[in-house]
Number of protein chains: 2
Amino acid sequence: MNLAEFNHKIAEIRADRVRGASELARRCLLILAEAARVLPAANIVELREGLLVLVAELARTRPSMAPIQNLLRRWREGLIIDDGMELTGARRIAIDQAEALIVASRRAVADCATHAARLLGPGRTIMTHSFSSTVLDVCRLLKDEGLRLIVTESRPLGEGRQLAERLSAWNVPTVYITDAQMGLFIARADAVLVGADSVLGDGAVVNKAGTYPLALVTREQGIPFYVCCESFKWREAGEMPPELEEMAPAELGVPDWPCVTVRNVYFDITPARLVSAWIDETGVRLTAE
Amino acid sequence: MNLAEFNHKIAEIRADRVRGASELARRCLLILAEAARVLPAANIVELREGLLVLVAELARTRPSMAPIQNLLRRWREGLIIDDGMELTGARRIAIDQAEALIVASRRAVADCATHAARLLGPGRTIMTHSFSSTVLDVCRLLKDEGLRLIVTESRPLGEGRQLAERLSAWNVPTVYITDAQMGLFIARADAVLVGADSVLGDGAVVNKAGTYPLALVTREQGIPFYVCCESFKWREAGEMPPELEEMAPAELGVPDWPCVTVRNVYFDITPARLVSAWIDETGVRLTAE
């Protein structure tokens, strides 16, 4: 792979509207592993510099997605390459480190799903918003246990369609609604379960726009609101809240009216006080209240 | 107009996804006036019976829309036709009664808008949801007074587009967002102003689905939430809450997945405790709290 190809892969991460934060973080690690394999370098210093430039670029691709920054930092911090090493050996260490983190990320997501499925139990109606691969894993674990889902379409691109399609293939009875109908259908849910793109230091949740109003209607109904994501998605306490990514206005599909500004912010922030429990690979953390 | 044509007009009211409750109520009165003019009748008893059958049919067209039932009831109650009258005179009374109510309805809407514009005042940023002709009238009154709008698209059919287009033509700076972004943009609003399809006896508001979560994010931000509609939209205390109309699932534009039920309920109910003030043609009524 040459530099142009790496740049193309980075642009793909930036433009991706389909994959969730965990999957994109693993893609970043794959790109890094590939770079460690093929990046031209006369010596270890050049290799390390080339990889660190790439890490910095990858870390900037999706500011709302904590696992990208966290897994890349873990890779960087765990990389112990001595200047006296052989180049081939150093490349191997960098590749192994990326691959180990990919495995750790996958395992963390799977463990989250296991804890969430245990918390929810059989015979439940769960409402969710947008598409989370972790929530999908939870559904996979519960699909033969009388699970029912209520799925919002999640404008503008409608990630809810993807989820509804999978659930249907698993014979999970699913109700599919517009985002605007969340207040009408919440009363039929036993719990709300969403993934996250990031969790802030105080437990506030960065997730697809619409999650915050969903958390409000959920609280009004006295229904639990669960957030399920691996700890790679947590930002450190005191870290600045992330920039909330904004995508192309064209995704809303309206004309270019002269006095109208079309906004397309992808993520909103749900305050920690609206979350009943956070579920990560280590287990369930209930709210302090 | 023959019976088939009347049935066609009734079907049009039922299928209308563009016009608001007030305008459809006036259309019902127009149909009634036309019927009073042309309905074949040998005598007054036949005329009255024919018109009452039509009134009953029209009243059933849109259960979520109180002004249709209210204006038709007012017409029926105000109709004083003596069995000894001449047929032509009776027809004239029925027509005049319908036309007088159309005028009263228009005046009530205009007076609502005047009160709302006075309450809001100049230089404000107003957020709204769906398309209300009363809210549009308020915007018309304030359009040269530094008004700014935040408009939600209002899925599935996107009535917000209509509103954004009008506002743009009036040079009102407008931000257009998906329904899911309401929680992100509410903090920029000085107030929320919505119309209503009905107001229940206790002040709860039946309006386009999405109004209830909007009211919740509004309260969280400590911003006033105003409902502006003429008193023809109020249901009487103790009256049953209306059936919330559901439209064709096809409007959501998704495939027919075997295990998925697509729901398309058009209206939700915002509890009275989330409303800061109700504005009707008589003035502003603040919440008791």
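Residues numbered from 1 in each chain as written. Chains lettered and ligands numbered in written order. Predicted model: local features only at pLDDT ≥ 70, side-chain atom pairs only at ≥ 80, totals over all residues. Heavy atoms only, no water.

Colleague: Even after reading the chapter, I still don't get the environment of Pro67 of chain A, so can you show me in this structure?
Modeller: All names here are of chain A. One can find Pro67 in helix H4 (residues 66-78). Residue Pro67 is classed as buried on the basis of its relative accessible area, which comes to 0%. Sequence spacing of Pro67 and Ser132 is 65 residues, and the spatial spacing of their C-alpha atoms is 14 Å. Excluding residues within four positions of it along the chain, Pro67 makes contact with Ala21, Ser22, Ala25, Leu72, Asp197, Phe232 and Lys233. (Helix = DSSP H or I, 4+ residues; strand = E, 2+ residues; numbered from the N terminus. Buried < 20%, exposed > 50% of the residue type's maximum accessible area, 1.4 Å probe, protein only. Contact = heavy atoms within 4.5 Å.)

Colleague: When you look at helix H2 (residues 21-38) of chain B in this model, what are you seeing that I'm missing?
Modeller: In an α-helix, one turn spans 3.6 residues; hence positions three or four apart end up facing the same way. Residue and element names in this part refer to chain B. Taking 1.5 Å per residue as the helical rise, H2 with its 18 residues ought to reach 26 Å, and the 26 Å between its terminal C-alpha atoms agrees with that figure. Listed in full, the buried residues belonging to H2 are Ala21, Ser22, Leu24, Ala25, Arg26, Cys28, Leu29, Ile31, Leu32, Ala33, Ala35 and Ala36. Packing partners of the buried residues in H2 comprise helix H1 (3-15), helix H3 (44-60), helix H4 (66-78) and helix H5 (87-120). (Expected span 1.5 Å × (residues − 1).)

Colleague: Looking at this structure, I do not really get the environment of Val45 of chain A. What am I missing?
Modeller: Within the secondary structure, Val45 of chain A is located in helix H3 (residues 44-60). Between the C-alpha atom of Val45 of chain A and that of Leu87 of chain A, which follows or precedes it by 42 residues, the distance is 9.5 Å.

Colleague: Just checking my understanding: could you explain the pattern of salt bridges for this structure?
Modeller: Side chains carrying opposite charge are able to pair once their charged atoms draw close together. Across all of its chains, the model carries 38 salt bridges over all chains by this definition. Between Asp83 of chain B and Arg48 of chain B there is a salt bridge; the shortest N-O distance is 2.8 Å. Of this pair, Asp83 of chain B sits in the loop between H4 and H5 while Arg48 of chain B sits in helix H3, placing them 35 residues apart in sequence. Since its relative accessible area comes to 26%, Arg48 of chain B is described here as partly exposed. Shared partners join several salt bridges into a network, and the residues in it are Glu34, Arg37, Arg92, Asp96 and Glu99 of chain A. (Salt bridge = Lys/Arg side-chain N within 4 Å of Asp/Glu carboxyl O.)

Colleague: Got a minute to help me understand the packing of H2 of chain B against H3 of chain B in this structure?
Modeller: Geometry of a packed helix pair, given as the angle between the helix axes and the separation of the axes. Residue and element names in this part refer to chain B. Interhelical geometry of H2 versus H3 gives an angle of 160° and a closest axis separation of 10 Å. One way to sum up the angle between H2 and H3 is to call them roughly antiparallel. At the point where H2 passes H3, the crossing takes the right-handed sense. Seen from H2, the contacting residues are Cys28, Ile31, Leu32, Ala35 and Ala36; seen from H3, they are Leu47, Leu51, Leu54, Val55 and Leu58. Of the residues contributing to the contact of H2 with H3, the split by class is ten nonpolar, no polar and no charged. (Axes fitted to C-alpha atoms, helices over the stretch in contact; angles between N-to-C directions. Parallel < 35°, antiparallel > 145°, perpendicular 65-115°, else oblique. Left-handed = near helix turned anticlockwise from the far one by under 90°. Nonpolar A, V, L, I, M, F, W, Y, C, P; charged D, E, K, R; others polar.)

Colleague: In this structure, what is going on with the sheet that holds strand S6 (residues 205-208) of chain A? I would like to understand it.
Modeller: Whether parallel or antiparallel, the strands of a sheet pair through hydrogen bonds between backbone atoms. All names here are of chain A. The three strands are arranged S5-S6-S9 in an open sheet whose pairing can be described as antiparallel. Each edge of the open sheet carries a strand with a single partner, namely strand S5 (198-199) and strand S9 (267-270). Of the strand pairs in this sheet, S5 and S6 are connected by two bridges, and their pairing is antiparallel. Residue pairing across strands places Val199 opposite Val205, the latter belonging to S6. (Pairing = 2+ DSSP bridges.)

Colleague: Please explain the relation of the copies chain B and chain A as it appears in this structure.
Modeller: Each of the two chain copies goes to the other by way of a rotation about an axis and a shift along it. For the match of chain B to chain A, the screw axis carries a shift of 0.0 Å, the RMSD comes to 0.0 Å, and the turn is 180°. Here the transformation between the copies is reduced to the relation of a two-fold axis. When C-alpha distances to the rotation axis are compared across chain B, the minimum falls at Pro213 of chain B, with a value of 2.9 Å. In this assembly, 100% of the residues forming the interface of chain B have copies in chain A that are likewise at the interface, indicating an isologous arrangement. (Least-squares fit on C-alpha atoms with pLDDT ≥ 70 in both.)

Colleague: Before we go on, may I ask you to explain H3 of chain A in this structure?
Modeller: Residues and elements named next belong to chain A. In a regular helix each residue adds 1.5 Å, so 17 residues correspond to 24 Å; H3 covers 25 Å between its end C-alpha atoms and thus fits that length. Of all the positions in H3, only Ile44, Leu47, Leu51, Leu54, Val55 and Leu58 are classed as buried. The buried residues of H3 occupy one face: seen down the axis, they fall within an arc of 105°. Across H3 from its buried face, at more than 90 degrees, point the exposed residues Glu49, Val53 and Arg60. (Arc of directions from axis to C-beta.)

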